[in-house]
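What follows is each chain in one-letter form.
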Amino acid sequence: MRQISVTELTPMPKVQYPVLHTSSVPILMPGEELGEQVIEIMKTMGIEKVLVLDGGDKLEKIRHTITTTPVAVQSIGNGQKLNQGMYDENGVLLLGQDGIISEDFIPSLQRRGITTLYLRKPDEELGTNQGMLLRTKILDLKAAAQEELIAQDPKMIFAPQNLKTIRDIKLYTATLEDLQPHKIRRKLNQANAITYRPMGEPFENSVLDIRKRTAVSVEEKKAYASAVEECLSLLEGMFLDLVTTGKFLTLNLEDITSMIITGTMVNRNLMILLSLEKNKYSYLTSHSLATAVLSVNIASAMGYGIPQIKSLAYSALLADIGMLKLPERLINKQGKLTSLERDKIQQHPVYGIDMLRSTPELPVEVPYVIYQSHEQPNGKGYPCGKKDHMIHPFAKIVRAADIFTALCADRPYRESHNPYQAMEKLVFMTSERMISPEVTKSLLRVVSLFSVGSFVLLSDQSIARIITANPDDYMRPVVSIIWDQEGNSVSLDNRLDLSEHTELSVLRILDENERIALDCPMAGF
């Protein structure tokens, strides 16, 4: 790691290694441009030096060193209250801010061979806020440049060179041992907890803030519709190959994942809206794509890095493939299931992992997510009845996305819920510890209580459509007015951020009978 004066920086199209603010906040990641505007922003903000990592530096390790102070375990006293978080040498949080040292805390550390603890330095001391503000300004520049390119040619969103960026991300792959259900079960039974936390540059930093955009062009909508159609077609073909030959092309899975992630970066709400739309494909195909799109967005709100997001997308797309092994009459049965039939359905995670044994180069997380995506924090899920701390975080994410998309779809044994009803059901299930609260909170951050695409009645009696969520206020999303107070269609872009227009509020969501048919499913976007 080198410390470089801002006055010595020279513009370059792509930086090779991460550039950090002195507080350790990453301000440029590999492949991003160090332009004259970025350097000028640094000077204007009074930033004198930045840190540049070298090839052998590990970003998380460097950040851990900068942001913490080492202290000996024996210097910590019982009953002491922490002002900042306490971590181990690998940066794993041991006790949060305002935590109190209990009597058994120190002995438990000593039993684990931990002799040194690391206390998080105060943000004021580090200057974290300045680093975050700088990163925000750089992202705004990047977003403006990207929007300009999209306006010039919307087809560029899913251009091969953009998809290649995601394809080139390398992931740790599963071994043959990871693809054996009984060995997965044994590993889970031997573990005390599953720890898997966000790593690297958060994917959310690469997602454009839709709240600042005007209406999407017809060409951009067509590009998204075409991309989602291609994803569905590729996925349907993959599932057919699995049934007929027992294998599929991982290249197709790579293509679908790349389109989901790239599309989410530019316009997450179009990806969500279109993935939830009814289509001509099988239920499993439609459901798996929608689950993957929602999972990516939930994980984004939870701070996961881009490689982790890619692995999660793979996992969500394949989470329910074991259902392909079950007879259709059982999956679509309208009456109550017998205990034997329920046991059969609850074996589909095991069937799914078995089906992947001949498929090489899948991310290591995939089999664990498939195996655990129907577990519940309260321990009443299947196949193993594991509780919260023993469930992989990605499995918790996929479970919430799976339930939400299933509730929004028509099934032979019930009609679909509208997105608002589906979210209400999800919130109730969370209160019963059937779904992770952290995951539900993150889902609300990206789709709001009134889900993207829903129609609502506003307090001025106009009818609007939900365009995007406000992460900090679930009740005040960004809307597009579709019909005014007199019932006249509004043809021009008429977007309102209800967090800024406090004179308006959402009175209620409209039911199916109150909606007026639209020529385009993306009207208002």
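This structure is a prediction, so every number in the text was calculated from the model and none was measured.

Participant: Is there a simple way to explain the nonpolar core in this structure?
Facilitator: Generally speaking, a soluble globular protein has its nonpolar side chains buried in company with each other. Ile-256, Ile-260, Leu-289, Leu-318, Leu-356, Ile-397 and Leu-443 are the most contacted members of the largest nonpolar core, which totals 106 residues. Of the residues forming this core, the biggest block, 12 residues, is contributed by helix H9 (residues 250–276). If sequence neighbours within four positions are ignored, Ile-260 has contacts with Met-271, Leu-289, Ala-292, Val-293, Val-296 and Leu-317.

Participant: Is there a simple way to think about the pattern of salt bridges in this case?
Facilitator: Pairing between side chains becomes possible if they bear opposite charge and their charged atoms approach one another. A complete count under the given rule lists 14 salt bridges for this structure. Ionic pairing is found between Asp-168 and Lys-164, a salt bridge with its closest N-O pair at 2.7 Å. On the basis of relative accessibility, which here comes to 47%, the residue Lys-164 falls in the partly exposed class. If you follow the salt bridges from partner to partner, you end up with Glu-177, Asp-178, Lys-183 and Lys-187 in one network.

Participant: What am I meant to see in helix H11 (residues 306–318) here?
Facilitator: Each turn of an α-helix holds 3.6 residues, which means side chains three or four residues apart point in the same direction. Taking 1.5 Å per residue as the helical rise, H11 with its 13 residues ought to reach 18 Å, and the 19 Å between its terminal C-alpha atoms agrees with that figure. With 12 of 13 residues buried, H11 lies mostly within the body of the structure. Among the residues of H11, Ile-306, Gln-308, Ile-309, Lys-310, Ser-311, Leu-312, Ala-313, Tyr-314, Ser-315, Ala-316, Leu-317 and Leu-318 are the ones counted as buried. Next to the buried residues of H11 lie helix H6 (160–167), helix H8 (218–245), H9, helix H10 (283–301), helix H15 (365–372) and helix H16 (393–407).

Participant: It is not clear to me how the packing of aromatic side chains should be interpreted in this structure. Could you clarify?
Facilitator: Any two aromatic rings considered together are summarised by their centre-to-centre distance and by the angle between their planes. Scanning all chains against the criterion turns up five aromatic pairs. For the ring pair Tyr-196 and Tyr-304, a centre distance of 6.3 Å and an interplane angle of 25° mean the geometry is stacked. Of this pair, Tyr-196 sits in the loop between helix H7 (181–190) and H8 while Tyr-304 sits in the loop between H10 and H11, and the two are 108 residues apart along the sequence. For Tyr-196, a relative accessible area of 22% puts it in the partly exposed group. For Tyr-304, a relative accessible area of 3% gives the class buried. Centroid distance Tyr-304 to Phe-394: 5.2 Å. Interplanar angle 70°. Geometry classified as edge-to-face. On the criterion of sequence distance, the pair formed by Tyr-304 in the loop between H10 and H11 and Phe-394 in helix H16 is long-range, its members being 90 residues apart. A relative accessible area of 0% places Phe-394 in the buried class. In textbook terms, an aromatic cluster arises when at least three aromatic residues are bridged by ring pairs, as seen for Tyr-196, Tyr-304 and Phe-394.

Participant: Would you take a moment to explain the side chain of His-374 for this structure?
Facilitator: Mapping His-374 onto the fold places it in the loop between H15 and H16. Among the polar contacts made by the side chain of His-374, one reaches the side chain of His-348 at a distance of 3.1 Å. Excluding anything up to four places from it in sequence, His-374 contacts Asp-320, His-348, Pro-349, Gly-381, Tyr-382, Arg-399 and Asp-402.

Participant: Explanation requested: the packing of H16 against helix H17 (residues 419–431) in the structure shown.
Facilitator: Helix-helix packing is described using two parameters, namely the angle between the two axes and the distance between the axes. It is at 9 Å that the axes of H16 and H17 come closest, and there the two elements cross at 140°. Our classification of the angle between H16 and H17 gives oblique. Crossing handedness for the pair H16 and H17: right-handed. Counting all contacts with H16, which are made through Arg-399, Ala-400, Ile-403, Phe-404 and Leu-407, the residues of H17 involved are Pro-419, Ala-422, Met-423, Lys-425, Leu-426 and Met-429. Across the contact of H16 with H17, the residue classes tally to nine nonpolar, no polar and two charged.

Participant: I keep staring at the sheet that holds strand E1 (residues 2–5) and nothing clicks. Help me out?
Facilitator: Sheets are built from strands that pair by backbone hydrogen bonding, the pairs being arranged parallel or antiparallel. Within the open sheet, the four strands sit side by side as E1-E4-E2-E3. Their pairing is antiparallel. Every interior strand has two partners, whereas the edge strands, E1 and strand E3 (26–28), have only one. Alignment of strand E2 (residues 19–20) against strand E4 (residues 49–52), held across two bridges, turns out to be antiparallel. Across the sheet, Leu-20 pairs through a bridge with Leu-51, a residue of E4.

Participant: Sorry, what's going on with the sheet that holds strand E8 (residues 116–120) here?
Facilitator: Here we have four strands laid out as an open sheet, ordered E5-E8-E6-E7, and antiparallel in their pairing. Two strands lie at the open edges of the sheet, namely strand E5 (68–72) and strand E7 (93–95), each paired on one side alone. Sheet topology note: the strand E6 (residues 86–87)/E8 ladder contains two bridges and is antiparallel. Across the sheet, the residue bridging to Met-86 is Leu-119, located in E8. Helix H2 (residues 59–67) rests against E5, E6 and E8 of the sheet, and its axis sits at about 70° to E5.

Participant: Teacher, can you tell me more about the side chain of Asp-178 here?
Facilitator: Relative to the elements of secondary structure, Asp-178 occurs in the loop between H6 and H7. The class of Asp-178 is buried, set by a relative accessible area of 6%. Within the structure, Asp-178 has its side chain in polar contact with the backbone nitrogen of Thr-175 (distance 2.9 Å). If near-sequence neighbours (up to four positions away) are discounted, Asp-178 is found in contact with Ile-184, Lys-187, Val-364, Pro-367 and Tyr-368.

Participant: Please explain the environment of Ile-27 as it appears in this structure.
Facilitator: Among the structural elements, Ile-27 can be located in strand E3. Expressed as a C-alpha distance, the spacing of Ile-27 and Leu-126, which sit 99 residues apart in the sequence, is 15 Å.

Participant: Help me out: how do you make sense of unusual backbone geometry in this one?
Facilitator: Excluding glycine, residues mostly carry a negative phi; peptide bonds, for their part, are mostly trans. Along the chain, Tyr-382 connects to Pro-383 via a cis peptide bond; the corresponding omega equals 15°. Structurally, the position occupied by Pro-383 is in the loop between H15 and H16. One non-glycine residue, Ser-24, adopts positive backbone phi at about 90°. Looking at where Ser-24 falls in the secondary structure, it is placed in the loop between E2 and E3. Within the chain, Gln-461 stands out as a residue other than glycine whose phi angle is a positive 75°.

Rules of the game
- Residues numbered from 1 in each chain as written.
- Predicted model: local features only at pLDDT ≥ 70, side-chain atom pairs only at ≥ 80, totals over all residues.
- Heavy atoms only, no water.
- Core = buried A, V, L, I, M, F, W, Y, C linked by side-chain atoms within 4.5 Å.
- Buried < 20%, exposed > 50% of the residue type's maximum accessible area, 1.4 Å probe, protein only.
- Helix = DSSP H or I, 4+ residues; strand = E, 2+ residues; numbered from the N terminus.
- Contact = heavy atoms within 4.5 Å.
- Salt bridge = Lys/Arg side-chain N within 4 Å of Asp/Glu carboxyl O.
- Expected span 1.5 Å × (residues − 1).
- Phe/Tyr/Trp six-rings, centres within 6.5 Å; stacked < 30°, edge-to-face > 60°.
- Polar contact = N/O pair within 3.5 Å; in protein donor to acceptor, adjacent residues only side chain to side chain.
- Axes fitted to C-alpha atoms, helices over the stretch in contact; angles between N-to-C directions.
- Parallel < 35°, antiparallel > 145°, perpendicular 65-115°, else oblique.
- Left-handed = near helix turned anticlockwise from the far one by under 90°.
- Nonpolar A, V, L, I, M, F, W, Y, C, P; charged D, E, K, R; others polar.
- Pairing = 2+ DSSP bridges.

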